[in-house]
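Understanding the architecture of this molecule
Residues per chain are reported as follows:
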Amino acid sequence: MWAIQLFNGLSYSSILLLVALGLSITFGLMNVINMAHGEFLMIGAYMVYVTQHLFQQYAPAAWFDSYYIFALFVSFTVAFFLGMLLEMGLVKFLYRRPLDSLLATWGVGMMLQQAAKMIFGAPNVAVTSPSWLEGGLQLTSVVVLPYKRLFILALVIVCLLSLYIYLYRTAAGRSMRAVMQNRDMAGCLGISTRKVDRITFAIGSGIAGLAGSALALIGPIGSSLGTYYIVDAFMVVVLGGVGKLAGVVFGAVTIGVLNVFFESWLSASIAKVIVFVIVIAFLQWRPRGFVSLKTRALES
Amino acid sequence: MEFMEKWQEKRKKVWFHTVCFLFITMLLLAGCAEEGESQEADEEDGSQEDVIEVGILHSLSGTMAISEVSVKDAELMAINEINEAGGVLGKQIVPIIEDGASDWPTFSEKSRKLLEQDKVATVFGGWTSASRKAMLPVFEELNGLLWYPVQYEGLEASPNIFYTGATTNQQIVPSVAWLLENRGKKFFLLGSNYVFPITANNIIKAQLDSEGGELVGEEYTELGHTEYSTVIAKIKESKPDVIYNTLNGDSNVAFFKQLKDAGISADDITVLSVSVAEEEIRGIGAEYLEGHLVAWNYFQTTDTPENKEFVDHYKEAYGEDRVTADPIEAGYNAVHLWAKAVEKAGTTDVDKVREAAKGITFAAPEGTVTIDGDNQHLYKKVRIGEVTAEGQLNEIFSTEEAVKPDPYLSSYTWAEALTSP
Amino acid sequence: MKQGLGTINRESQFKWIVYMLILGMMLLAPLFLSDFRLMLLAKYVSFAIVAIGLALIWGYTGILSLGHGVFFGLGAYGMAMYLKLEASGGKLPDFMVWSGQNELPWFWMPFSSFFLTLLLIVIVPMGIAYGLGFLTFRNRIQGVQFTILTQALVLIVVTLLIGQQAFTGGSNGITGFKTILGYSLSDPTVKRVLYWITIGVLALLFALAYWMTKSRFKRVLLAIRDGENRLRFIGYNPAVFKAFIFAVSAGFAGIAGALFVLHVGIISPSMMGIVPSIEMVLWVAIGGRNSLSGAVLGALLINYAKTTFSEAYPSLWLFLLGGLFVISVILLPRGFMGLMKDGMQKIKKRRKREDANENNIDFTFGESKR
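Please read these numbers as outputs of a predicted model, since none were measured by experiment. (Residues numbered from 1 in each chain as written. Chains lettered and ligands numbered in written order. Predicted model: local features only at pLDDT ≥ 70, side-chain atom pairs only at ≥ 80, totals over all residues. Heavy atoms only, no water.)

1. Considering the overall build of chain B
For chain B, the count of helices and strands is 14 helices and 15 strands. Looking at the 421 residues of chain B, the share that counts as buried comes to 65%. Within chain B, counting contacts between residues at least 6 apart in sequence, those at least 24 apart form 68% of the total. If you sum the accessible surface of chain B, you get close to 14,800 Å²; carbon and sulfur atoms cover 51% of it. (Helix = DSSP H or I, 4+ residues; strand = E, 2+ residues; numbered from the N terminus. Buried < 20%, exposed > 50% of the residue type's maximum accessible area, 1.4 Å probe, protein only. Contact = heavy atoms within 4.5 Å. Areas by Shrake-Rupley, 256 points an atom, 1.4 Å probe, with all protein chains shown as cover.)

2. Things to note about the pattern of salt bridges
Tallying each qualifying case throughout the model produces 33 salt bridges over all chains. A salt bridge links Lys260 of chain B to Glu134 of chain A; the shortest N-O distance between them is 3.6 Å. With Lys260 of chain B in helix α8 (residues 251-261) and Glu134 of chain A in the loop between α4 (98-120) and β1 (136-138), this pair bridges two chains. Given the relative accessible area of 31%, Lys260 of chain B is considered partly exposed. The class of Glu134 of chain A is partly exposed, set by a relative accessible area of 22%. One network of salt bridges, in which partners are shared, links Glu98, Lys110, Lys113 and Asp118 of chain B. (Salt bridge = Lys/Arg side-chain N within 4 Å of Asp/Glu carboxyl O.)

3. Things to note about the pairing of strand β11 (residues 361-364) of chain B
Residues and elements named next belong to chain B. Covered by surrounding structure in β11 are Phe362 and Ala364 only, the residues Thr361 and Ala363 on the alternate face being uncovered. With four bridges connecting them, β11 and strand β12 (residues 367-371) associate as antiparallel partners. The residue bridging Phe362 from the neighbouring strand is Val369, located in β12. (Pairing = 2+ DSSP bridges.)

4. Observations concerning helix α5 (residues 172-182) of chain B
All names here are of chain B. Within α5, eight of the eleven residues are buried, leaving the element largely enclosed by the surrounding structure. For α5, every residue scored as buried is listed here: Ile172, Val173, Pro174, Ser175, Val176, Trp178, Leu179 and Leu180. Among the residues trailing α5, Gly184 stands out with phi positive, at a value near 140°.

5. Topic: empty space enclosed by the protein
Applying the stated criterion across every chain, the model contains eight cavities of 30 Å³ or more. Here the second largest cavity is characterised by a volume of approximately 170 Å³. Asn8 and Pro146 of chain A together with Ser229, Ile232 and Ala262 of chain B are, among the 15 residues lining the second largest cavity, the residues nearest its centre. At the level of elements, α1 (2-30) and β2 (144-146) of chain A together with α7 (229-238) and α8 of chain B are the ones that each hand at least two residues to the lining of the second largest cavity. Per-element tally for the lining of the second largest cavity: the top contributor is α7 of chain B, with four residues. When grouped by side-chain class, the residues that make up the lining of the second largest cavity number nine nonpolar, three polar and three charged. (1 Å grid on protein atoms, 1.4 Å probe; cavity = no way out; pocket = protein on both sides within 12 Å on 5 of 7 lines; lining within 4 Å. Points joined across faces, edges and corners; volume = space filled by probe spheres on them. Nonpolar A, V, L, I, M, F, W, Y, C, P; charged D, E, K, R; others polar.)

6. With respect to the packing of aromatic side chains
According to the stated counting rule, one finds 53 aromatic pairs over all chains in the structure shown. Pairing Phe107 of chain C with Phe167 of chain C gives two aromatic rings, centres 5.8 Å apart and planes at 85°, and the pair type is edge-to-face. You can see Phe107 of chain C sitting in the loop between α4 (94-98) and α5 (114-138) and its partner Phe167 of chain C sitting in helix α7 (residues 165-168), a full 60 residues away along the chain. Among the aromatic residues, those joined into a ring-pair cluster are Phe55, Phe64, Tyr67, Tyr68, Phe70, Trp132 and Phe151 of chain A. Between the NZ or CZ atom of Arg286 of chain A and the centre of the ring of Trp285 of chain A, over which it lies, the distance is 5.5 Å. When the ring centre of Tyr148 of chain B is taken as origin, the NZ or CZ atom of Arg132 of chain B, which lies over that ring, is 4.8 Å away. (Phe/Tyr/Trp six-rings, centres within 6.5 Å; stacked < 30°, edge-to-face > 60°. Lys NZ or Arg CZ within 6 Å of the ring centre and 35° of its normal.)

7. Concerning the domain arrangement of chain B
Residues and elements named next belong to chain B. For chain B, the assigned domains read domain 1 (47-166 + 304-379) and domain 2 (169-301 + 383-415). One C-alpha centre belongs to domain 1, the other to domain 2, and the line joining them spans 27 Å. Taken together, the contact pairs 35 residues of domain 1 with 28 residues of domain 2. Summed over both sides, the interface of domain 1 with domain 2 buries roughly 2,700 Å², with 56% coming from carbon and sulfur. Summed over the shared surface of domain 1 and domain 2, the number is two salt bridges. One salt bridge connects Asp372 with Lys404, and the closest N-O pair in it is separated by 2.7 Å. When contributions to the side of domain 1 that touches domain 2 are tallied by element, the ones reaching two or more residues are α2 (65-84), α11 (305-318), α12 (326-345) and β13 (378-379). Looking at side-chain class alone, the side of domain 1 that touches domain 2 contains 14 nonpolar, eleven polar and ten charged residues. (Domains from an automatic or database assignment. Buried area = accessible area lost by both parts, 1.4 Å probe.)

8. Things to note about the confidence of the model for chain B
Residue and element names in this part refer to chain B. Taken as a whole, chain B shows an average pLDDT of 87; of its residues, 88% reach a score of 70 or greater. Across chain B, element-level confidence peaks in strand β4 (residues 146-148) with a mean pLDDT of 97 and bottoms out in helix α1 (residues 2-49) with 52. Of the regions scoring below 50 in pLDDT, residues 32-48 engages in 17 contacts with residues more than four places distant in sequence or in other chains. (pLDDT = per-residue confidence, 0-100.)

9. Some points on the packing of α2 of chain B against α11 of chain B
All names here are of chain B. Relative to each other, α2 and α11 sit at 105°, their axes nearing to 11 Å. Overall, the two elements α2 and α11 adopt an arrangement that is roughly perpendicular. On the side of α2, the interface is formed by Ser70, Asp73, Ala74, Leu76, Met77 and Glu81, while α11 contributes Phe310, His313, Tyr314 and Tyr318. Its residues assigned to classes, the contact of α2 with α11 comprises six nonpolar, two polar and two charged. (Axes fitted to C-alpha atoms, helices over the stretch in contact; angles between N-to-C directions. Parallel < 35°, antiparallel > 145°, perpendicular 65-115°, else oblique.)

10. Things to note about the interface of chain B and chain A
Chain B puts 31 residues into the contact, and the matching count from chain A is 38 residues. Between chain B and chain A, roughly 2,800 Å² of surface is buried when both sides are summed, and carbon and sulfur atoms account for 49% of that area. When the buried area of chain B at its contact with chain A is split by residue, Glu227, Thr230 and Asp261 of chain B rank highest and sum to 20% of it. Counting across the chain B and chain A interface gives three salt bridges. A salt bridge links Asp261 of chain B to Lys148 of chain A, with the shortest nitrogen-to-oxygen separation between them at 3.0 Å. Summed over the shared surface of chain B and chain A, the number is 15 residue pairs in polar contact (both at pLDDT 80 or more). Broken down by secondary-structure element, the contributors of at least two residues to the side of chain B that touches chain A are β7 (214-221), α7, α8, α9 (278-284) and α10 (286-289) of chain B. Of the residues in the side of chain B that touches chain A, the class split is eight nonpolar, eleven polar and twelve charged. (Polar contact = N/O pair within 3.5 Å; in protein donor to acceptor, adjacent residues only side chain to side chain.)

11. Some words on a negative patch on the surface
A cluster of acidic side chains, namely Glu306, Glu309, Asp312, Glu316, Glu320 and Asp321 of chain B, defines a negative patch on the protein surface. In this structure, Glu316 of chain B sits in helix α11. (Patch = residues over 30% accessible without salt bridge, like charges linked within 9 Å, V, L, I, M, F, W, Y side chains within 5 Å. Lys, Arg positive; Asp, Glu negative; His and termini not counted. Charge placed at Lys NZ, Arg CZ, Asp CG, Glu CD.)

12. Brief notes about the sheet that holds β12 of chain B
Pairing is antiparallel in the open sheet, where three strands are placed in the order β11-β12-β13 (chain B). Each edge of the open sheet is held by one strand with a lone partner, namely β11 and β13 of chain B.

13. A few points about the sheet that holds strand β14 (residues 383-387) of chain B
Residues and elements named next belong to chain B. Here we have seven strands laid out as an open sheet, ordered β7-β6-β8-β9-β10-β14-β15, and mixed in their pairing. What marks the edges here is a single partner per strand, and that holds for β7 and β15 (393-398). Between one strand axis and the next, the sheet turns through 25° on average, direction left out of account. Relative to the sheet, helix α6 (residues 195-211) contacts β6 (186-192), β7 and β8 (242-246), its axis offset from that of β7 by approximately 175°. Contacts between α7 and the sheet are confined to β6, β7 and β8, with β6 contributing the most and set at about 170° to the helix.

14. What to know about the environment of Glu263 of chain A
Note on placement: Glu263 of chain A falls in helix α10 (residues 245-265). The buried category is assigned to Glu263 of chain A, whose relative accessible area is 4%. Placed eleven residues apart in sequence, Glu263 of chain A and Ile274 of chain A show a C-alpha to C-alpha distance of 9.9 Å. With residues up to four places along the chain from it excluded, the contact list for Glu263 of chain A reads Ala268 and Ala271 of chain A together with His225, Glu227, Thr230 and Lys234 of chain B.

15. Regarding the side chain of Asn172 of chain C
Topologically, Asn172 of chain C is positioned in the loop between α7 and β1 (174-175). Classification of Asn172 of chain C as buried rests on a relative accessible area of 5%. Those residues in contact with Asn172 of chain C that lie beyond four places of it in its chain are Trp104, Ser129, Ala130, Lys133 and Val195 of chain B together with Trp98, Ile266, Ile267 and Ser268 of chain C.

16. So, a positive patch on the surface
All names here are of chain C. Together, Lys346, Lys349, Arg350, Lys352 and Arg353 make up a positively charged patch on the protein surface. As for its position among the elements, Arg353 is in helix α14 (residues 335-359). Given a relative accessible area of 53%, Arg353 falls into the exposed group.

17. Observations regarding the environment of Ala87 of chain C
Residues and elements named next belong to chain C. For Ala87, the position within the fold is in helix α3 (residues 68-88). C-alpha separation for the pair Ala87 and Phe217, spaced 130 residues apart in sequence, amounts to 43 Å. Contacts of Ala87, omitting those with residues within four sequence positions, involve Gly176, Phe177 and Lys178.

Okay, here's the thing in C-alpha cells:
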C-alpha cells in the first residue's frame, strides 16, 4: 500500500513541478508573477485537442498514435510564441511594478479563458490518448503504475535536465543567471537584459504549454483548466523559493507528497487546507522559501 | 483686485470639480432610474400587444454555463413551439433571459429583478441546488412561480416551485435497489463536496443498512478537484462491487480517465453516475466510460415518438452535433406544462395556475408525465442506462410505470431518521 | 506661503461641500428608485466600503491583498448567522437538519445576540487579518509573496466553509432570512431605513479613513510604501503599522459584508473566492488607488456597469472586465481619479505660470501630488 502512495505522491509532485517550473523561472528572473500562467496550461491542453483533430482529418490512420509527440511540440511552440507576445505587448511595461504586472496578467488570463470558450465552446473537449500510453506497468496484482503517470514523470525529468543544461552549460543560460543575480550589473557588462527577459518569459510560457499537454492526458480539457492548478503552482514557488532549480523541486515534492499523505489519511478537502497551513507556517521560519539567492541587497 | 481675480479663477475650478462629480453621480442615479422606467414602458406596450413575458434564469457565464446553456436552449425551443401553435391564451410568449453567472447571490438578485421589475408570469431556471436555495426565499416572498429542471436531493416542496427533474425516489433509491440486486452488495460512495452528494449519500447509507448492502468507503472532493490517484488507491484497497458516483462537473473527467489508467474497467467495478449525461460523456470521451452506468429518467435514445420529434427539432435548431439529455428534456417539459396549466386556469395569476397545474399531464419525450398536486413534482419513469462506445446510452432497466414522487421519502420506513429532525 | 495655506483650506472646504452634495443625493435616492434598484444601489454602496479599505492598504501602504473576499465574507456570515437564527425562531437552522447536525455548534451561540453580532462582524475579520498580517510582516514577507499568501488564505477559508456543510451551509451558503430585530426584511420601509443606515456607515467610514490619511499616521503609511527599510532605521517597527492598517481594512470589509447580506439576503462561498477578491481590487485600480473618493467611485461605476452590461452581453462582459484591468493598470496606474488630478494639475500649472507672469508671486496650491 505504501508503495502505491509513494508513487502517487511522486506522480502528483511531478505534475505540480511541471506546472510550477515555468512560473518559477519567470518569477525568479523578473519578480513578475504571471497570473495568466494557468491559461498557458489551458492553451497547451487545447493544442493537444487541435493536433489530434488535424491528425484524424488529414493524416493516415496508421500515424494516429504518433500525434501526441507532435502535440507536445506544437503546445510548446504555440505557448512559447504567445508568451513572447505577452511579454512584448504587456509585461515589459511593468517590470518596476510587480504587483501591477500580477493584476494585468490576470486580466489577460480572463480574456484568454473567454476566448477559449468562444473558439472551442463552453463544454469540455475530449482527446483520445495514444495507445502506447494506455494501461500500466503491472508490478503486483494490486500495484499498477499507469504509463501516463510514468510518462509525465519522465517528461519532468527531461524538462529539468534540459533546463539545467541551458542554464548552467550555455552562454545564453549564463547571461540569464547573471541578470537574475544583478540586473544592473549585467546590463553594464553588455548583456541585453531586454532580450534575456523576453526569452525567459517565452521559455516559461512554453514549459507551461508542455505541462498543459501532459494534463490533457489525465484531466479535463476546458477553459477553466488553468484555475484548478494555478494557486497550487504559486504555493510551490513560494515554498521552494526562487533562483535555483532545487527550490522548485523541493516545493513540488513537499506539497505533492504531503497532499497525498494527508489525503489518504484524512480526506481530500481537508488535506489541501492542512498543506497550505503548513506552507504558511514554514514561511514564518524561512520567509524567502527553501532556497534563496545570497545577496547583500536590502530590498528584494 | 488681485484677490478678486484669483477668487474668480478659483471659482472656475470649483465649478469644474462640481460638474465632474455631479455628472457622474447623476449618471449613476439616472441610469438606474431610467432603466426602471423604460422597463415599465415595455410592460405597457406588452399588455397592448398581448404578449406574456416569462423569465429564463440560467448561468450563461461561469463554470455552470457548460450545463445550463443547453437547458436555456431547450426552454427557448419549447416557447417557440408554443408560439408557433398560437401561443398561450391567444398571446405570444416573450422570454426575458437573465444570466445567473454561476453565482448564487446573483441568482437571488436576478430573480428579484424578474419578479419585481419585469413582473414576469413565471420563471424557468436554476441548475445547482445552491441556485435553487438562493432563489427560493425570493419566490416565496414575492409569490412567484419557478420551474426547476434538474434532479436534486429532495427534502423540499415549496408551493412556489415546480420540480420537473427527479427527486431521490425517482433516481437514487431505485438505482441503488437495482444495483444491490444485479451488481453486488459492497458500495463505495464518491461525491463532490456540496449539498446534493452529501444528502444523497446519507439516503444511500440508510438504504444500504436496511436492504442488506455494505458501505466500504465514502469520499468527498472539492468541485474542480483533478487528482484522483489517492481516492482510486482507497477504492482498490476496499474492493467494492459498485462505485456510486455523485461527482459533479470537471472532476468526472479526471476521475474516469485516472480510473481507467489504474486498470479498473467496468467489468471489474461498475460505476453508476447520477450527474453524467450525454453532454458530459462527450467531454470525458466515451472510451473511458464504456460499460459504466448512469441513472436518469430520460436518454437521447429513449424510444418514444415524442422523443424522436424532440431530438430532431433540437438538432435542427441548434446543430447536428448537439445532444439532448435529461435536464434539457426536463426544461423543455417545464415550459409545456406551464403553458397547459395557464390554458386550464385561463389566467397567468400564480395562485390560479398553481391550482390548475394539479394533475396536468404532458406527453413528454420520456413518456407521459403528470404533476403531483401534493408536492408539485412529476410522476416519472426511472431508467438505468449503459454507456456505449458511441457515447450514447443503452437502456438496460426501466420501471413499468411512472413513479410517484416522494421528496420526503415518507413511504420508506428506513428513511424516517433522515427526514425528521 | 500663507496664501498657499489659505487655499488648502478653501479647497478642502470645497471638497467637503461636494461630498455633502453627493451624500444628500444618495440619501434622497429612495424617493426616485424602485425597491429593486434601491437594493442594487445599496449593494454597490456596501462594495464601496470594501473599496475604501482596499485603497487604505494598497494606495497608501503598498500592500496588495487578494484576500479581501474572505474578510467581506466573514462579516457577511456573521450577519447571516444572526438573521438565520432569528428566522429559525429558536429551532435549528434548516440546513443543519439536512446535514444531520443535532445541536447548535458553539460558535453559533454568540450570534443569537444582535449586539454581539455587530461586535463580531468587526472583530473576527480584524483579528484574523492582524494575526496573519503580523506574522507575515514580522518576517518581512512583503510584496508579491504576501499577495500570494492572501490567495492561499482565500482557498483555505473557502474550502473550510464548503467542507463543513453542517456548520456553515456548505456551498449553498446561508439564506432564507425573514426579520431583523423583529422587523420584516421584505417591508419597503425597513429596506429604506437599512439603505440609509448603509449610506450613513459609508459616510462615517469614509470620514474615518479620510482622517487617518490626513493624520501623522498617514506619513508612516506612505513611508512604508516608499521606503520601508529607511523607516525601520529611523526606529519605527513597520510590521505593527502594516498589520494594524491591514486589520482596519479587513474590518471595513467585514462591515461591508454584513451590510451586503442585509440587502441581498444571501451569502455563499462564491462571493469570497479568488475571482471576487480580485474584482474588488479592480474597482480600486480603476477608480484610483491613491484616492479614497476614487475607490468609492470605482466600486460604484464598475458594479453599475457590471449589472448593465452583463445583463445584455454576459460573455462580452468578461472580456471587457479583463480588458479594463489591463488598460487601467498600464495606462492609468492611478486610475480615474489620477487622470482627473493630472488634468487639474495641468490647468493649475498654466494658471501658476500666468499668475507668476502677471504678479511675480510664487504661488502654490499646496496639494500633494500623491
